[in-house]
Amino acid sequence: MKQDIIDFYEGKLKVGRNKLSFDEIVKLPPDRLEKCHDYIQWLFPLPEDSKFMKDAPKLDESTAKVLAKDYSMRVFEAVKVMMKFWGIHLNLNSKDKPSVDPDQYWMKPDDHNHFRISRILRFLTLLSKASDTTSRAIHFQNIAMSLLYAVFVSNYKKKFATEKTKIGRASCRERV
């Protein structure tokens, strides 16, 4: 298990150039979320090396199981912060479809936020696979599918995703 990832999710570890904790990151204003690039790998770690941050933590299966079981609310908190940042509205307790505020700045070809969205989708897919209960797995799948739905509907209208950014492809390749 990767204790540094767990310590970060518990708020015991500060990361990045600015040495921020989980709680500090999820409270950042939108301009800081956009300009700062060394937190996303900590909020949503993946098993592979990061192309953008050489010291990014790498998620392993045992850590994914712990995050899925014991930190699902913190994961959802991180996802909600990013969705709010992107103008994506989601209510998992409602029949309302996810929506995106029109004309978001990231809805342009090759925006780096497309990579962030793909990272979150893949992270949620990995947590779903690592979940110890079906209901927890479905919870992570629902969050991922809602995010993906909102982005795809927006892309259908604006045509901003390109082959370079491949929104959702990483998640779609790893079917749950």
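What counts, and at which threshold
Residues numbered from 1 in each chain as written. Predicted model: local features only at pLDDT ≥ 70, side-chain atom pairs only at ≥ 80, totals over all residues. Heavy atoms only, no water. Helix = DSSP H or I, 4+ residues; strand = E, 2+ residues; numbered from the N terminus. Rg over C-alpha atoms; globule rule 2.2 N^0.38 Å. Contact = heavy atoms within 4.5 Å. Areas by Shrake-Rupley, 256 points an atom, 1.4 Å probe, with all protein chains shown as cover. Lys, Arg positive; Asp, Glu negative; His and termini not counted. Charge placed at Lys NZ, Arg CZ, Asp CG, Glu CD. Core = buried A, V, L, I, M, F, W, Y, C linked by side-chain atoms within 4.5 Å. Buried < 20%, exposed > 50% of the residue type's maximum accessible area, 1.4 Å probe, protein only. Expected span 1.5 Å × (residues − 1). pLDDT = per-residue confidence, 0-100.

Peer 1: Residues and numbers for the overall build of the chain, please.
Peer 2: Of regular secondary structure, the chain possesses 9 helices and 2 strands. Walking the chain from its N terminus toward its C terminus, one meets helices and strands in the order α-α-α-α-α-α-β-β-α-α-α. The C-alpha atoms of the chain give a radius of gyration of 15 Å, which matches the 16 Å a tight globule of 176 residues would have. Its C-alpha atoms give the chain principal-axis dimensions of about 40 × 40 × 30 Å. Considering only residue pairs separated by 6 or more positions, the chain has 64% of its internal contacts joining residues 24 or more positions apart. About 9,500 Å² of surface is accessible on the chain, with carbon and sulfur atoms providing 51% of the total. The positive charge centre, built from 32 side chains, and the negative charge centre, built from 23, are 3 Å apart in the chain.

Peer 1: Which residues make up the nonpolar core, and what values go with them?
Peer 2: Formed by 54 residues in total, the largest nonpolar core has its most connected members in Y9, F44, L67, I88, W106 and F123. Where this core is concerned, the elements lending two or more residues are α1 (3-10), α2 (22-25), α4 (40-43), α5 (61-70), α6 (72-85), α7 (113-130) and α8 (134-158). Contact partners of F123, with chain neighbours within four places excluded, come to Y9, L43, F44, P45, L46, L59, L67 and V75.

Peer 1: Can you explain the environment of A161? Please cite residues and give values.
Peer 2: If you trace the backbone, A161 turns up in the loop between α8 and α9 (169-173). A relative accessible area of 29% places A161 in the partly exposed class.

Peer 1: Can you lay out α7 for me, pointing to particular residues and giving the numbers?
Peer 2: End to end, α7 covers 26 Å across 18 residues, agreeing with the expected 26 Å (1.5 Å per residue, within 8%). Of all 18 residues in α7, 16 are buried, a share of seventy percent or more.

Peer 1: Requested: an account of the environment of V26, with residues and values cited.
Peer 2: Within the secondary structure, V26 is located in the loop between α2 and α3 (30-35). Residue V26 is classed as buried on the basis of its relative accessible area, which comes to 11%. In the structure, V26 is positioned 55 residues away from V81 in sequence and 6.1 Å away in space, judged by C-alpha atoms. Apart from residues lying up to four places away in sequence, V26 is in contact with E77, A78 and V81.

Peer 1: Explain the confidence of the model for the chain residue by residue, including any values.
Peer 2: Mean pLDDT over the chain works out to 87, with 90% of the residues at or above the 70 mark. For residues 169-176, every residue scores under 50 in pLDDT, and the model assigns this stretch 15 contacts once sequence neighbours within four places are set aside.

Peer 1: A description of unusual backbone geometry should follow, citing residues and the corresponding values.
Peer 2: Backbone geometry places K19, a non-glycine residue, at a positive phi of 50°. Within the fold, K19 resides in the loop between α1 and α2. Taking the relative accessible area as the measure of exposure, K19 reaches 52% and is therefore exposed. Its identity as a non-glycine residue notwithstanding, D110 has a phi of 65°, on the positive side. Secondary-structure assignment places D110 in the loop between β2 (99-100) and α7.

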